[in-house]
Structure formats: C-alpha cells, structure tokens
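Structural overview for review
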Amino acid sequence: MIERRSGDAFSLREHALLASMHATSRSYYALVGGLVAVIIWGLIGYSMQLRYGLGVTGLRDNFMWGVYITNFVFFIGVSHVGALMSAILRLTGAEWRRPITRMAEAITFASLLMGALMPFVDMGRPDRFLNLLLHGRLQSPILWDIMSIGTYLAGSTLFLYVPMIPDIALLREHYARGPAWRRRLYTVLALGWRGLPAQKHHLETVMAVLAVLIIPIAISVHTVVSWIMGMTLRAGWNSTIFGPYFVSGALFSGAAAVVTAMAAFRRAYHLEDYITVQHFKRMGYLVITLGVIYAYFTFAEYWTPAFKMAGHERGYLSAVLSGKFAPLFWFTQIGGLLVPLLLLTLPTISRVPRLREMPMLQPRPALAAVAASAGLLVFVSISGSPAAALVDVAALRALLTWAVAVFGVWLFVALLPLFRERPVAAAVVASVLVNIGAWIKRFVIIVPTLQYPFLPIQRAPAGWAIYHPTWVEWSITAAALAGFALIYILFSKVFPIVSIWETREQGAPHASGAGEVAHAPAL
Amino acid sequence: MRRRSRWAVAGWLMPILLVGVAGAAAAGTPAKVGLTRQTGADGLARITAVVTDADGKPVGGTAVTFRVKTAFGWLTVAEVESRSDGTAVIVLPPTSLHAEINADAGEGGVGTLAVSVARPEPTVRPGRGMLGTLSLQPGLISPYPPPQILFVALILGGIWTTYAYLVFLLARLRRAGRGGVGRHAPDA
C-alpha cells in the first residue's frame, strides 16, 4: 500500500498537477472564449442549414458526403488512441505509458462525441433519424455504424471513468472544503472509494475486462466506418483492405494527436515532471511504427489498382494521382507521412550536428527561399494575376511548385540540427503534420470517388458536378474542432489530466508494482 | 409500237409504285410511343412502351430510349429494341425514386410521352407524426433470415451484457465502500 505523507496526501509534483485544475489565467479565458465564439459561429451556420436545407452547403445529389463525413471519419479515427494507449500498452505492461494514458482516453471520449455528431449534421432532415432506428436495414453499414459507435462510446466512457475512481476519491478529500459543485461531483463519482481490498478487487476486475474488451470494439468500429464506403461498388472504395487500412490510419493519427496534447498540457500546466522528453521519444517510436504500417497499406491500396488502370477506375485514379486532387493526395503522402517520419528519425543520426557547420545549410536563407517561392506561387495562382499576360502561367506554376519542393528539402535538412536539440519540437511538428495530413486524406478518400461515379454525372446544373465546401461547412467543421478542444480543456479542469495514483511511485526503487490497482490509495 | 406501249405502262406504274413504297415506308416510321405501367406479382414495376406508326400500326425493330427525370435533367436508363408487336419493356424496382419517365423512338423526338411512377406517399411522416406510430414491429419483425439477426444480437448482446456486468461490479464497489457486504479479495 502506498505510504501517505503525514498531513498531506500529495507530493509537490502532485500539488502542481492539482493546481492546474483550478488555476486560470487570462490566456486560459481567452482560449476558452475563442473556442466558445467559434462554436457559436458554427451553430449559426448549422441553424442556416436547418432552415434552408443542405442547399446552403456544397453537398448535392452526387456529393452526398463531403467535409462532414471527412470530420466523422477523422474524429472516429483519432478516438482509437484511447484503446491503443490504455488497453494495448496496459496489457503489454508498458509502464512508461502511465502519465499519458488519461490524455489518450480523454481524446477518445472528446473525439467520439464530436465524431458521432457529424452524421447528424450531414443529414438534411435530422428529425428523420428515428427512421434509421425504426426502419433500419440490417444489411446497411450505416446501421452497423450506429450500433458500433454507440457501443464504443459507452465502452470508452467506462474505460475513461473506471481508472479515475481512486483519483476522484483523492479529489473528494482534497476539495472537502472546496466549491460545492466539486464536492458533490467527486462524492458521487468516487463511488465511496476507500481503497478497501474488496473495492480494489472489483476495480481490478473491471479494468482488466475493459482493457481486453475495448480492443476488438475499437478495431471493429473503424472497420465498420470503412465499410460505409468499402461495401459500395464505387471506384476507390471497392477495396478489400479498407478495414485494416482505416484502422492503421486511425492509430497513426490518434498517436500523433496524443503527442500534440502531451506537448500542449506539458507547456500549459508545467507537467515537465510527469511528461518527460523520454515520453516524447517513446511516442515518437510508436508514431514511426504506426506510420510505416499505414504507409504500407496506402501503397497496397493505391498501387494495385493503379498498376491495372481498369477503365472504370481510370478517371478516379488519374484525378487522385496526377489530376485535380493530386496536390492534396501528394501532400498527405509527403507532408503528412514522409516528412513526419523523417522528422522523427533523421535528427537521431549522430552526424546531424555537423550540418550546422556547412554554410549552405543555414535555416534562414532556406526559409527565405521557401517563403519567396511559395509567395510567388500564390501570387501566380490567383486568377487575373498580371503574370498571366506575360508568361505561360501553367509552366510558371509548375516551376514554382518544384522550387517550393526543392527549397523545402533544403529547409528541412537545414533544420535537422535544431530538431535534434529539441526532440519535443520535432515530435510536435511531426504530429501536427500527421493530423493535418490525416484530415486531408479522409477528404481525398471521400470526395474524388463521388466525383467519378460508374454512372457518369449527366446534365448536372453548373456547379453541381463538382464539390466545393461552403462557409457553412467550414464553420461547422471549425466548431467541431473547437468543441473537441473545449471538452478536452474543461475535462482537464475537472479531473487531473495525468493519473495521480498510477504515477505515484514512478522511479522509486520498489516501483515494480507501482501503479497497479493494489497500490491504489486508501482513504 | 410494242416498245411505246411498254413505256406507257411503265409510266403509269411508276407513280403507283412510288406511292406504294412511300406508303410502306411511312407505315414503318415510329410516330407515337405509348407508355403504360403494370405492377407484377413480384412487386416490380414494368414500364411498357408501345411504338406505333402514323396509322396506329405497331413498329418493331426500332430502338426505344427510356429516360427518367432526375434533379439534373433526363437520365438515360435503358435502350431497348421494340418487338414485332411494337412493345419494349423495362423493369423498375418498386422503391424507385424516379418520379417521371419517358421513352422515345426514332429521331426528332417523335412520340414522346411520360408516365408517372412516383412512389406512394409514405403513410408515416417524419417528426411528431412518426412518434405516434412508435412500435417494436418494424424493428423486430424483419425480412432478414434469423442467422443474421442472431449473429448481430450475439455480438452486441454479449458486449452490452459485459458492460452491464461491469456496472454491476461498480455497484458492488460502491456498496463495499459504504460498509456493505462485499466479496473481499485478499489484501494485496
């Protein structure tokens, strides 16, 4: 049993963690205010959509899915990290995961809430949702989605809550003279935890069962999400590996989201004692592993049909690989996959510091070259640009695109010594790139296929045969991301974002069993 | 003399032959397409186009193009050659969303007619009206074979039963904290 300090149940670093729960600053209020403002703006957009119908969006007969379902797949994917970090690493005995487990579980909870909302937003008549339950067709993957996401949300909520019970009991004692709402909340949620042997026995059983149960549920959820596309006969979606492809992408983006959250909370709540550089390095290894698996699936998914270029898939594949959607697709592969993996691996090479000594590899001129070429590219791309009258705009645009790419490589190499000195910064940049790439990749999976159906789009009114998201969709998307962040931040103000009882004796000589339920606090 | 008389006969016959050929040609030109709809015992809607000429005689061997009206305009769904009795048939599923269909045969839009195959109005409207009709019937009585239902019920039922068991354990945890009877594990 954990030895309690006389007169105080918490150590210094635990006090710092608890302080983060009630300490607020101007920047905190500014952040929350900004997020609330974005959510309100999104609600205004949604009210427009409810009033005037989906006509205010870019969705049309052929484009029944767009940004909303992109958000849905993205959020559900990110939610997988809870199962990965908590269940898989818990079962495999990876002790280093303890300080970041709750962050991952909270990401799962918040992203599932936002993800589950998206199909409702995508419905022109959400009041008809009841029809799905009353007249749902069992052979429809849409119904499978409803069932699996509901099941996963219930399981994830339990999985987040159950390991928190000993911590909530600690908070109940800590806030015995605190605000009434905290006292009531912690008293109810602590379930009368006193650390009795019987309670520990029940807690251990529940956590063990949940850890095993949540893994197949999480995998099945994203597999089913992939099936809403994979079970249809459409170019790009008619794939046998969509299930594992989606699951690997989900774990990759989810692990990256945890890295971003770790860095944000470490900086904002001063959790350097809990979340060390080693945690970023280990998470980096995890992201690399998942990224390589995801890259393999991506290669298999696109190379197989691209080699054959069957007639009915040619339009779609050409648009994705070399046509209209190619910039987005290649950004996801280079910016969202290759660059993050290189960022996490190359700085560890021992010769990297020597790069700083080379005059050509200074970051500033490289950055200036990238900025100048990118600025020129934007300028030339703007319609009506004066450059159009002087030169061949298409050729100039291609030249500038290559210039940005070459200068980008130069900048990347020049920054490697800096990233070696700052592994946290490297991990954060990589994880942010992964998540941006993950969102765009979902878009590239959904929209091009709708653009190239087997039955060609005939005689569509102008603008109907192409998808352009409107401000309503972008507003609701921004509101969903803001909602995710707000839930996450508010959660960290009500519950400790790092598990107290699971991290209590880390580093102690007798820490072999530390963090196990048997060592949960007795109060 | 005999030669002249031959030419005279030929001169009389030529206009008659020309009129006959023209008449025969006119008889084979689609002039009208009639559309009818029948619902078979299988519930499928059969759209029959009858191609006739100007005299109302059936025209066989002509291509009949069926189109349905969509939000984008008329969408070609089938091209069927008319049989000797002038009929060409396509089959639409009963749940077809097509509200209007037309068929034409020949060029120049000859003989285009339309027939409505709109779905019947739903008896249950969304919203409050549907709440009044809440019943377990649509959900539980299903056309799907029992193994499918059983398979899904087994998986989902198993998971949710496990959840319920875990909640039960949490209730016991709470009860133990209150000093109630609980199965005590050996102290770790």
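Cut-offs used in this document
- The numbering scheme is per chain: residues are counted from 1 as the chain's sequence reads.
- Chains and ligands are labelled sequentially in the order written, the chains with letters from A and the ligands with numbers from 1.
- Local features in this predicted model are restricted to residues of pLDDT 70 or higher, and side-chain atom pairs are both shown and tallied only at a pLDDT of 80 or more, whereas totals for entire chains, interfaces and linings draw on every residue.
- Side-chain numbers come from the whole structure's heavy atoms, not from hydrogens or water.
- Note on conventions: DSSP H or I runs of at least 4 residues are helices, E runs of at least 2 residues are strands, and numbering of each starts at the N terminus.
- Buried means the residue's accessible area, taken with a 1.4 Å probe over protein chains only, is under 20% of the maximum for its type, while exposed means over 50%, and partly exposed covers the values in between.
- Throughout, a residue-residue contact means that at least one pair of heavy atoms, one from each residue, lies within 4.5 Å.
- Note on areas: Shrake-Rupley with a 1.4 Å probe; residue coverage comes only from the protein chains shown.
- As used throughout, the charge tally considers Lys and Arg to be positive and Asp and Glu to be negative, leaving His and the chain termini uncounted.
- By convention, the point assigned to a charge is CZ for Arg, NZ for Lys, CD for Glu and CG for Asp.
- Here a strand pair is declared whenever DSSP counts at least two bridges between the two strands.
- Only the contacting stretch of a helix is used when fitting its axis, a line to C-alpha atoms as for every element, and angles between N-to-C directions run 0 to 180 degrees.
- Aromatic pairing here means that ring centres of Phe, Tyr or Trp (its six-membered ring) are within 6.5 Å. Orientation follows from the plane angle: under 30 degrees is stacked, over 60 is edge-to-face, and everything else is tilted.
- To sit over a ring, a charge needs its Lys NZ or Arg CZ within 6 Å of the ring centre and within 35 degrees of the ring normal.
- Grid points spaced at 1 Å over the protein atoms alone were grouped into cavities, where a 1.4 Å probe fits but cannot get out, and pockets, open sets with protein on both sides within 12 Å along at least five of seven lines, with lining residues defined by an atom within 4 Å of a point.
- Grid points are joined across faces, edges and corners, and a volume is the space filled by probe spheres set on the points.
- Each residue after the first adds 1.5 Å to the expected span of a helix.
- Any pair of nitrogen or oxygen atoms within 3.5 Å is treated as a polar contact; in protein, a donor-acceptor pairing is required on top of that, and neighbouring residues in sequence qualify only through side-chain atoms on both sides.
- Amino acid classes used here: Ala, Val, Leu, Ile, Met, Phe, Trp, Tyr, Cys and Pro are nonpolar; Asp, Glu, Lys and Arg are charged; the rest, including Gly, are polar.
- Residues enter patches when they are more than 30% accessible in relative terms and free of salt bridges; like-charged ones are connected within 9 Å and nonpolar ones (Val, Leu, Ile, Met, Phe, Trp, Tyr) within 5 Å.
- Between Lys or Arg on one side and Asp or Glu on the other, a salt bridge is scored when a side-chain nitrogen of the former is within 4 Å of a carboxyl oxygen of the latter.
- By nonpolar core is meant a set of buried Ala, Val, Leu, Ile, Met, Phe, Trp, Tyr and Cys residues that side-chain atoms within 4.5 Å join together.
- The predictor attaches a confidence to each residue, called pLDDT, with possible values from 0 through 100.

1. Here we look at the overall build of chain A
Broken down by element type, chain A carries 19 helices and 0 strands. Across its three principal axes, chain A shows a C-alpha extent of roughly 80 × 70 × 45 Å. Counting across all 523 residues of chain A, residues that qualify as buried make up 51%. When contacts within chain A are restricted to residue pairs at least 6 apart in sequence, long-range pairs at least 24 apart make up 82% of them. Carbon together with sulfur atoms contributes 69% to the accessible area of chain A, which is approximately 23,000 Å² in total. Computed over 40 positive and 23 negative side-chain charges, the inter-centroid distance for chain A is 4 Å.

2. Some points on the overall build of chain B
Along chain B, the regular secondary structure elements total 4 helices and 7 strands. Written out in order from the N terminus, the α and β elements of chain B read α-β-β-β-β-β-β-β-α-α-α. The proportion of buried residues among the 188 residues of chain B is 26%. Contacts in chain B between residues at least 24 apart in sequence constitute 46% of all its contacts with a sequence separation of at least 6. Per element, the accessible surface of chain B, about 12,500 Å² overall, is 63% carbon and sulfur.

3. Thoughts on the sheet that holds strand β2 (residues 45–52) of chain B
Think of a sheet as strands paired side by side through backbone hydrogen bonds, with each pair either parallel or antiparallel. All names here are of chain B. The 3 strands lie next to each other as β1-β2-β5, forming an open sheet whose pairing is antiparallel. Pairing within the sheet leaves two strands with one partner each, and these edge strands are β1 (32–39) and β5 (87–92). For this sheet, the mean angle separating the axes of adjacent strands, direction not counted, is 20°. Sheet topology note: the β2/β5 ladder contains 6 bridges and is antiparallel. Across the sheet, residue arginine 46 finds its bridge partner in β5, namely valine 91.

4. Focus on the packing of aromatic side chains
All names here are of chain A. Applying the stated criterion across every chain, the model contains 30 aromatic pairs over all chains. Aromatic side chains phenylalanine 242 and phenylalanine 246 sit 5.0 Å apart centroid to centroid with 40° between the ring planes, which places their arrangement in the tilted category. Taken together, the positions of phenylalanine 242 and phenylalanine 246, both in helix α11 (residues 242–269) and 4 residues apart, correspond to about one turn of that helix. Looking at phenylalanine 242, the relative accessible area reads 2%, which means it is buried. Connected via pairs of aromatic rings, a cluster forms that spans Phe74, Phe75, Phe265, Tyr269, Phe484 and Tyr488. When the ring centre of tryptophan 464 is taken as origin, the NZ or CZ atom of arginine 60, which lies over that ring, is 5.3 Å away. Here the basic side chain of lysine 493 rests over the ring of tyrosine 28, its NZ or CZ set 4.7 Å away from the ring centre.

5. What about empty space enclosed by the protein?
Residue and element names in this part refer to chain A. Throughout the structure, instances matching the rule amount to 3 cavities of 30 Å³ or more. A volume near 60 Å³ is recorded for the largest cavity. Those elements that provide at least two residues to the lining of the largest cavity are α11, α14 (326–345) and α18 (423–451). Broken down by element, the lining of the largest cavity gets its largest block of residues, 5 residues, from α18.

6. Here we look at helix α2 (residues 26–52) of chain A
At 3.6 residues per turn, the α-helix brings residues three or four places apart onto the same side. Residue and element names in this part refer to chain A. In this model α2 runs 39 Å from its N-terminal to its C-terminal C-alpha over 27 residues, within 8% of the 39 Å that 1.5 Å per residue would give. Those residues of α2 lying buried are Tyr28, Val32, Leu35, Gly42, Gly45, Tyr46 and Gln49. In the segment just after α2, glycine 53 is the residue with positive phi, at about 90°.

7. With respect to unusual backbone geometry
All names here are of chain A. The phi angle at leucine 191 is positive, at roughly 55°, despite the residue not being glycine. Of note, leucine 191 is situated in the loop between α9 (180–189) and α10 (197–230). By relative accessible area, which is 11% here, leucine 191 ends up buried. Positioned with a positive phi, methionine 309 is a non-glycine residue whose angle comes to about 50°. Secondary-structure assignment places methionine 309 in the loop between α12 (277–308) and α13 (311–321).

8. Focus on the environment of A:Thr401
Residues and elements named next belong to chain A. Tracing the backbone shows threonine 401 in helix α17 (residues 393–421). In sequence terms threonine 401 and leucine 376 are 25 residues apart; their C-alpha atoms lie 9.7 Å from each other. Polar contacts involving the side chain of threonine 401 include one to the main-chain carbonyl oxygen of arginine 397, which spans 2.6 Å.

9. Considerations on the layout of surface pockets
Rolling a probe over the atoms, with the probe sized like a water molecule, indicates the empty space that remains. Residues and elements named next belong to chain A. Quantified by volume, the second largest pocket comes out at close to 1,200 Å³. The wall of the second largest pocket is formed by 25 residues, among which Phe331, Ile334, Gly335, Val404 and Ala405 lie closest to the centre. Listing elements by their share of the lining of the second largest pocket, those giving two or more residues are α14, α15 (363–381), α17 and α18. When residues in the lining of the second largest pocket are grouped by element, the largest group, 11 residues, is from α17. Along the lines of polarity and charge, the residues of the lining of the second largest pocket split into 22 nonpolar, 3 polar and no charged.

10. Here's the deal with the side chain of A:Arg97
Residues and elements named next belong to chain A. Its location among the elements puts arginine 97 in the loop between α4 (80–91) and α5 (98–122). Given a relative accessible area of 4%, arginine 97 falls into the buried group. With residues near it in sequence (within four places) discarded, arginine 97 still touches Met85, Leu89, Arg90 and Glu502.

11. Re a nonpolar patch on the surface
Residues and elements named next belong to chain A. On the surface, a nonpolar cluster with roughly 470 Å² of combined accessible area is contributed by Val36, Ile40, Trp41, Ile44 and Trp471. The biggest single contributor to the nonpolar patch is α2, with 4 residues. One can find isoleucine 44 in helix α2.

12. Thoughts on the nonpolar core
Residues and elements named next belong to chain A. Judged by nonpolar contacts, the single largest core of 150 residues is most densely connected at Met85, Met229 and Met283. Element by element, the count of residues in this core is highest for α11, at 16 residues. Among residues more than four places away in sequence, those in contact with methionine 229 are Trp65, Val73, Trp237, Phe242, Phe246, Ile445 and Ile446.

13. With respect to the environment of A:Arg182
Residues and elements named next belong to chain A. Assignment of secondary structure puts arginine 182 in helix α9. For arginine 182, a relative accessible area of 6% translates into the label buried. Once the C-alpha coordinates of arginine 182 and tyrosine 28 are considered, the two residues, 154 residues apart in sequence, prove to be 20 Å apart. Setting aside its immediate chain neighbours within four residues, arginine 182 contacts Met21, His22, Tyr175, Lys493 and Val494.

14. Comments concerning the confidence of the model for chain B
Residues and elements named next belong to chain B. The share of residues in chain B with pLDDT of 70 or more is 53%, and the mean pLDDT across the chain is 70. Taking the mean pLDDT of every element in chain B, the minimum, 49, falls on helix α3 (residues 137–140) and the maximum, 89, on helix α4 (residues 146–177). Across residues 18–27, confidence stays below pLDDT 50; counting only partners more than four residues off in sequence or on other chains, it has 3 contacts. Low confidence marks residues 181–188, where pLDDT is under 50. Its contacts with residues over four positions away, or in another chain, come to 12 contacts. Two summary scores accompany this predicted model of the complex, namely pTM at 0.76 and ipTM at 0.83.

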